[in-house]
Amino acid sequence: MPLNKCEFCVNYKDMRFSIRPVEEIKQDIVAAARYYGGHPFQSCFLQDGDSFIMKTGDLLEILRLLREHFPTLKRVTSYGRAQTMIRKSPRR
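Calculation notes
Residues numbered from 1 in each chain as written. Predicted model: local features only at pLDDT ≥ 70, side-chain atom pairs only at ≥ 80, totals over all residues. Heavy atoms only, no water. Core = buried A, V, L, I, M, F, W, Y, C linked by side-chain atoms within 4.5 Å. Buried < 20%, exposed > 50% of the residue type's maximum accessible area, 1.4 Å probe, protein only. Helix = DSSP H or I, 4+ residues; strand = E, 2+ residues; numbered from the N terminus. Contact = heavy atoms within 4.5 Å. Salt bridge = Lys/Arg side-chain N within 4 Å of Asp/Glu carboxyl O.

Asker: Explain the nonpolar core to me, please; I cannot follow it from the model alone.
Answerer: The tendency in soluble globular proteins is for nonpolar side chains to be buried side by side. Ranked by size, the top nonpolar core spans 12 residues in total: V22, I25, I29, A33, L46, M54, L59, I62, L65, L66, F70 and L73. Mapped by element, the contributors of at least two residues to this core are α1 (22–36) and α2 (56–69). Setting aside residues no more than four positions away along its own chain, I29 makes contact with I62, L65, L66, H69 and F70.

So this is what it looks like as structure tokens:
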């Protein structure tokens, strides 16, 4: 679970942690693809504090949709806590 207790970080101090619904994220991806009209992006950053806290299946669904709408992507990056990542498995 994200802690939001870093002394030096000012990014998320006024925000409560929540996981966005997958459908909402998918709508954002489709809207971005429409807006940028086939621009050949090579990298994408999954915003917010720790996208690896999502269920693995949900994260894979988002990555597949990114690949579908932005086929030139070579890299997808994200913030993530080590504690979150070591709990990941193909099912979680």
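Asker: What's the story with the pattern of salt bridges in this structure? I'm lost.
Answerer: Two side chains of opposite charge can pair, provided their charged atoms sit close to one another. Using the criterion set out here, one finds four salt bridges in the structure. Taking the shortest distance from any N to any O, the salt bridge between D28 and R20 comes out at 2.4 Å. Exposure remark for R20: the relative accessible area of 29% places this residue in the partly exposed category. Across the pair K26 and E61 runs a salt bridge whose closest N-O atoms are separated by 2.7 Å. Here K26 is found in helix α1, whereas its partner E61 is found in helix α2, with 35 residues between them in sequence.

Remember, this is a structural readout, not a statement about activity or role.
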